[in-house]
Amino acid sequence: MASRGICCAGAALIAVLAVMLPASAQWTSKKAEPPPAPSAIEIRSEPIASFDHREPDRRRFGMLDFRGGLVLTSPFKEFGGLSSINVASDGANFIAATDRSWWLRGRIVYSGTRPTGIAAAEMAPMLGPDGRTLAARRWYDTEAMARDGNTVYVGIERVHRIVRFDFGKDGLKAKARPIEVPAAFRSFPSNGSVEALAFVPRGSGPLGGTLIAIAERGRDRGGDHLAFLIGGARPGAFTIKRKNDFDISDATVLPGGDLVIVERKFGWTTGLYIRLRRLPLAEIKPGALVDGPTLLEADLGQQVDNMEGIGVHRAGGETVLTLISDNNFSGLQRTLLLQFSLVEP
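Residues numbered from 1 in each chain as written. Predicted model: local features only at pLDDT ≥ 70, side-chain atom pairs only at ≥ 80, totals over all residues. Heavy atoms only, no water.

### Re the nonpolar core
Grouped together as the largest cluster of nonpolar side chains are 25 residues, with contacts concentrated most on Phe-51, Leu-64, Leu-276, Met-307, Leu-323, Leu-338 and Phe-340. Where this core is concerned, the elements lending two or more residues are β4 (64-73), β18 (259-267), β19 (271-279), β21 (294-299), β22 (307-315), β23 (318-325) and β24 (335-342). Examining the composition of this core, we find that four residues originate from one element, β24, more than from any other. With sequence-adjacent residues up to four places away left out, Leu-338 is seen in contact with Ile-48, Phe-51, Phe-66, Gly-68, Gly-69, Gln-303, Met-307, Leu-321, Thr-322 and Leu-323. (Core = buried A, V, L, I, M, F, W, Y, C linked by side-chain atoms within 4.5 Å. Buried < 20%, exposed > 50% of the residue type's maximum accessible area, 1.4 Å probe, protein only. Helix = DSSP H or I, 4+ residues; strand = E, 2+ residues; numbered from the N terminus. Contact = heavy atoms within 4.5 Å.)

Dropping the structure here:
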């Protein structure tokens, strides 16, 4: 979301293991409205041939190889503000969420391994249990998304909630069902709640079937990021080491394990910085403080903007990371889609 993601606020790591918020507390009973039909939209794509303005022929950046990217625009008024993305195993089909509670669904078109455009794009507002839009309930700032097969989880920062959608059955017309969240969510500021979600695939060790939620401005007493294990065999809270004043904007679980987080830092005098870190999944458990190596660091000398979303898939024996940016619906910012191949150690 906006540069409010660059700030931080304190929150205590207390009593999060047993007490949960009632999942349906804020849903009221009102007459359902007919769900709006999804809209087919046009997305225009300008290719990004080089990631680094200063070294246009460079392809290796940290532990990532740049595959290509796109600058995306659309005349559709709800396009923009993209805060999360999930890329299917085919590397083409994707769903994304805007922070104004809209879905974007489409297909990435390639020339070889380089993305060249977006096809079959559709947008639709997210719906609540009764068919009314989430926006009608003022449930804004849908900042995070994770997928478990046919189920898609979305984090709603403004109201400290996570909802699930039966996307496999109903697609863009799926209705939100709130899930229980840790009581610690109550302590977060309205612009500092759940910012990142990642689902650990079932059968992937002790954390298989667990939803990982990371708060944007939640900190423990040591100033590290608060994160939560929801569901699964070992629910609870853990922390992620905060380094150099970066804030976490999204996360994804690699096909072979480990958690990749997207981080950003902004200052009016220092500029914008983006970082990706890889956290060992085996070290994540209730009470743990986890850290990991940096995969990528970038600044405005490279093709970056307010990078908010990350997706992952396998292609040609490589692990491909897809990053998306939130332009805050501002003409001064861009909606970028960037792809990198992970260089395995």
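Structure shown, so let's carry the discussion forward.
### Here we look at the environment of Val-260
Looking at the element boundaries, Val-260 is found in strand β18. Remark: the alpha-carbon pair of Val-260 and Ala-198, spanning 62 residues in sequence, is separated by 9.4 Å. Beyond its immediate sequence surroundings of up to four residues, Val-260 is in contact with Asp-250, Ala-251, Thr-252, Leu-254, Leu-276, Arg-277, Leu-295 and Ile-310.

### Concerning the packing of aromatic side chains
For the structure on display, the rule yields 12 aromatic pairs. Here Phe-51 and Phe-61 contribute two aromatic rings whose centre-to-centre distance is 4.9 Å and whose plane-to-plane angle is 80 degrees, an arrangement assigned as edge-to-face. Here Phe-61 lies in strand β3 (residues 60-61) and Phe-51 lies in the loop between β2 (44-48) and β3, a separation of 10 residues in the sequence. Exposure remark for Phe-61: the relative accessible area of 3% places this residue in the buried category. Each residue in the set Phe-51, Phe-61, Phe-66 and Phe-340 is aromatic and connected to the rest through ring pairs, giving one cluster. The lysine or arginine in question, Arg-100, covers the ring of Phe-329, its NZ or CZ lying 3.6 Å from the ring centre. (Phe/Tyr/Trp six-rings, centres within 6.5 Å; stacked < 30°, edge-to-face > 60°. Lys NZ or Arg CZ within 6 Å of the ring centre and 35° of its normal.)

### Let's talk about the environment of Phe-199
Note on placement: Phe-199 falls in strand β13 (residues 194-199). Expressed as a C-alpha distance, the spacing of Phe-199 and Tyr-153, which sit 46 residues apart in the sequence, is 8.8 Å. With residues near it in sequence (within four places) discarded, Phe-199 still touches Ala-146, Arg-147, Asp-148, Tyr-153, Gly-209, Thr-210, Leu-211 and Val-253.

### Examining the sheet that holds strand β8 (residues 114-125)
Here we have five strands laid out as an open sheet, ordered β1-β8-β7-β6-β5, and antiparallel in their pairing. In this open sheet, the two edge strands, each paired with only one partner strand, are β1 (39-40) and β5 (82-87). Judged from the five bridges that link them, β5 and strand β6 (residues 93-98) form a sheet pairing that is antiparallel. In the strand pairing of β6, Ile-85 is matched with Ala-96. (Pairing = 2+ DSSP bridges.)

### Looking at the pattern of salt bridges
The full count for this structure, using the stated rule, is 23 salt bridges. Residues joined in a network through salt bridges with shared partners are Asp-52, Arg-54, Glu-55, Arg-58 and Asp-299. (Salt bridge = Lys/Arg side-chain N within 4 Å of Asp/Glu carboxyl O.)

### A short note on the sheet that holds β18
Reading across the sheet, the four strands line up as β17-β18-β19-β21 and stay open at both edges, with antiparallel pairing between neighbours. Strands with a single pairing partner mark the edges of an open sheet, and in this sheet they are β17 (247-253) and β21. In this sheet, neighbouring strand axes are inclined to one another by 15 degrees on average, regardless of whether the strands run parallel or antiparallel. Taken together, the six bridges between β17 and β18 define a ladder with antiparallel strand orientation. Looking at β18, one finds that Ile-248 is bridged to Glu-263. (Axes fitted to C-alpha atoms, helices over the stretch in contact; angles between N-to-C directions.)

### Regarding unusual backbone geometry
Apart from glycine, the bulk of residues carry a negative phi angle, and the bulk of peptide bonds sit in the trans form. In the Ramachandran plot, Arg-138 falls in the positive-phi region, its phi being about 65 degrees despite a non-glycine side chain. Structurally, the position occupied by Arg-138 is in the loop between β8 and β9 (142-148). Unlike most non-glycine residues, Phe-329 shows phi in positive territory, near 55 degrees. Looking at the secondary structure, you find Phe-329 in the loop between β23 and β24. For Phe-329, a relative accessible area of 25% translates into the label partly exposed.

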